[in-house]
Amino acid sequence: MVLLLAAVAAVILANSSAGSALLAVKGTELAVPGLVHALSVGEVISSGLLAVFFFLVAIELRHELTHGELRSPHVLTVPLLAALGGVVVPAVIYLVVVHDSELLGGWPIPTATDVAFALGVLALLGRGLPRRVRALLLALAIIDDLMAIILIAVVFTKHIDLLPLLGAVPVVALFGILSRLRPNRLPLRLAVRMMMVAVAVAAWVFVENSGVHATIAAVALGLVMRAAPAARAQHVLDPVSNLVVLPLFAFSAALVVIPTAGLTALGPVFWGIAIALPLGKLVGITLGGLLGSRLQPRSVSHTAPPLRELVVVAALGGIGFTVSLLMNQLAFSSPNEITQGTLGVLAGSMVAIVLGGTVTALVARRAHLRSER
């Protein structure tokens, strides 16, 4: 709800008398120490602050791979194929709708699922559903985030400076080593934590200077961190990410001026994303999940979700929001295309929220009635 309010407030303010001032602030360039180039305020938010979110995603991914829903290759079949379907089908729909070769680079935008938003809707409206629905949605979203990380690193990297990128490797390794130190005295523990923060910032600077999106540094740090301190960091940073970082990014990304000509001014980028997010995710995740259920070994086939639960997850998977907004900023350079893409993400996600919320409430009510019989 905080994310949604931040995005709606940004759209309203951007189209008010305060819009020009807010957009000017967002575009103000800042000289960040250690970087070879200046960053705008908007880029500091999307590359710097959003790194906290991706750091937490990496910690969650590592936990799921070692102790959670993704640790078993057999159980992994359904969420993996569902996630793949949820990437392929929206991308195909986008490419079908968008014909201009200069705009085809936006195909990854509708492939992302916002795990925080989707789980939030499920928590609000899915009471009565079995826990496996949340587990499947979480597993799918984690795999989806991993795919998004790969796309950000590969598709949206225009040039790579190998020297700072190679320099980031030992810095990330040092972070992992420091996380494994277990000093007994409080002053030493505080010193180690301060060193870890400094090393993490250095890794971010190295990756940002290399031309690769700096959030990849946060992913690497989250993956190499020892489990116990990672869990403590997650406990401390989760509220910061959910209540500060993500709403601030949503506000910054949604600062767009709506075309005065209305729907006639909305181009193929808008329609490609707005259709591909809710429809592509619904179709792709459902088909991929059904295929995964068929391919599961008989020994674990009982864990496959029923079709109605799979549809719940697929409908909620169309909520793109945070990562889709980030990909939109990376895919396009023209302000008009960024505006179209942002509005497309907001519109497609809103449709998915309504659709996913309705389906979740109906299936949850049916499950509740069955349990009372």
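These figures come from a predicted structure and were not determined experimentally. (Residues numbered from 1 in each chain as written. Predicted model: local features only at pLDDT ≥ 70, side-chain atom pairs only at ≥ 80, totals over all residues. Heavy atoms only, no water.)

> Quick question: what am I supposed to make of unusual backbone geometry here?
Notably, Phe-321 is not glycine yet its phi reads approximately 50°, a positive angle. Note that Phe-321 resides in the loop between α12 (307-316) and α13 (322-331). (Helix = DSSP H or I, 4+ residues; strand = E, 2+ residues; numbered from the N terminus.)

> Mind showing me how you'd approach the packing of aromatic side chains here?
Remark: the centre distance and the inter-plane angle together describe each pair of aromatic rings, the angle taken between the planes. Taken as a whole and judged by the stated rule, the model has 3 aromatic pairs. Arranged with centres 5.3 Å apart and planes meeting at 80°, the rings of Phe-53 and Phe-54 form a pair that is edge-to-face. Residue Phe-53 shares its accessibility class with Phe-54, and that shared class is buried. (Phe/Tyr/Trp six-rings, centres within 6.5 Å; stacked < 30°, edge-to-face > 60°. Buried < 20%, exposed > 50% of the residue type's maximum accessible area, 1.4 Å probe, protein only.)

> How should the packing of helix α7 (residues 162-179) against helix α8 (residues 186-210) be read in this particular structure?
A pair of packed helices is characterised by two quantities: the angle between their axes and the separation of those axes. At a closest axis distance of 8 Å, the pairing of α7 and α8 adopts a crossing angle of 160°. Judged on the interaxial angle alone, α8 and α7 are roughly antiparallel. For the pair α7 and α8, the sense of crossing is left-handed. Residues Pro-164, Leu-165, Gly-167, Ala-168, Val-171, Val-172, Leu-174, Phe-175, Leu-178 and Ser-179 of α7 form the contact with α8, whose own contacting residues are Val-192, Met-195, Met-196, Val-199, Ala-200, Ala-202, Ala-203, Phe-206, Val-207, Asn-209 and Ser-210. Of the residues belonging to the contact of α7 with α8, the class tally is 17 nonpolar, 4 polar and no charged. (Axes fitted to C-alpha atoms, helices over the stretch in contact; angles between N-to-C directions. Parallel < 35°, antiparallel > 145°, perpendicular 65-115°, else oblique. Left-handed = near helix turned anticlockwise from the far one by under 90°. Contact = heavy atoms within 4.5 Å. Nonpolar A, V, L, I, M, F, W, Y, C, P; charged D, E, K, R; others polar.)

> Explanation requested: α8 in the structure shown.
Along an α-helix, residues three or four positions apart point the same way, because every turn accommodates 3.6 residues. Between its first and last C-alpha atoms α8 spans 36 Å; for 25 residues at 1.5 Å apiece the expected length is 36 Å, and the two agree. Along α8, the residues classified as buried are Val-192, Met-196, Val-199, Ala-203, Trp-204, Val-205, Val-207, Glu-208, Asn-209 and Ser-210. Packing partners of the buried residues in α8 comprise β2 (39-40), α3 (41-66), α7 and α9 (215-224). Of the residues trailing α8, Gly-211 is marked for its positive phi of about 100°. (Expected span 1.5 Å × (residues − 1).)

> Looking at this structure, how should I read the environment of Ala-347?
Locating Ala-347 in the fold gives a position in helix α14 (residues 335-372). Residue Ala-347 is classed as partly exposed on the basis of its relative accessible area, which comes to 26%. It is 20 Å that separates the C-alpha atoms of Ala-347 and Thr-360, two residues lying 13 residues apart in sequence. Ignoring any residue separated from it by four or fewer positions in sequence, one finds Ala-347 in contact with Phe-270 and Ala-274.

> I tried to follow a nonpolar patch on the surface on my own but got confused; where do I start?
Taken together, the side chains of Trp-271, Ile-275, Leu-279, Val-283, Leu-287, Leu-290 and Leu-307 define a hydrophobic patch exposed on the protein surface, amounting to about 580 Å² of accessible area. Take the nonpolar patch: its biggest share by element is 6 residues, from helix α11 (residues 268-295). Along the chain, the position of Val-283 falls in helix α11. By relative accessible area, which is 33% here, Val-283 ends up partly exposed. (Patch = residues over 30% accessible without salt bridge, like charges linked within 9 Å, V, L, I, M, F, W, Y side chains within 5 Å. Areas by Shrake-Rupley, 256 points an atom, 1.4 Å probe, with all protein chains shown as cover. Salt bridge = Lys/Arg side-chain N within 4 Å of Asp/Glu carboxyl O.)

> Help me understand the nonpolar core, please; the structure alone is not making it clear to me.
General note: in soluble globular proteins, nonpolar side chains tend to be found buried as a group. If you look at the biggest cluster of nonpolar residues, it comprises 105 residues, and the most contacted ones within it are Phe-54 and Phe-55. With 13 residues, helix α6 (residues 131-154) is the single largest residue contributor to this core. If we ignore the near neighbours within four places in the chain, the residues touching Phe-55 are Phe-175, Ala-218, Leu-221, Gly-222, Met-225, Ala-233 and Leu-237. Core analysis: the second largest hydrophobic core is formed by 5 residues, Val-256, Leu-266, Phe-270 and Ala-274 among them. (Core = buried A, V, L, I, M, F, W, Y, C linked by side-chain atoms within 4.5 Å.)

> Help me out: how do you make sense of the environment of Val-2 in this one?
If you trace the backbone, Val-2 turns up in helix α1 (residues 2-14). Separated by 242 residues in the primary sequence, Val-2 and Val-244 place their C-alpha atoms 9.4 Å from one another. Aside from chain neighbours lying at most four places away, what touches Val-2 is Leu-243 and Pro-247.

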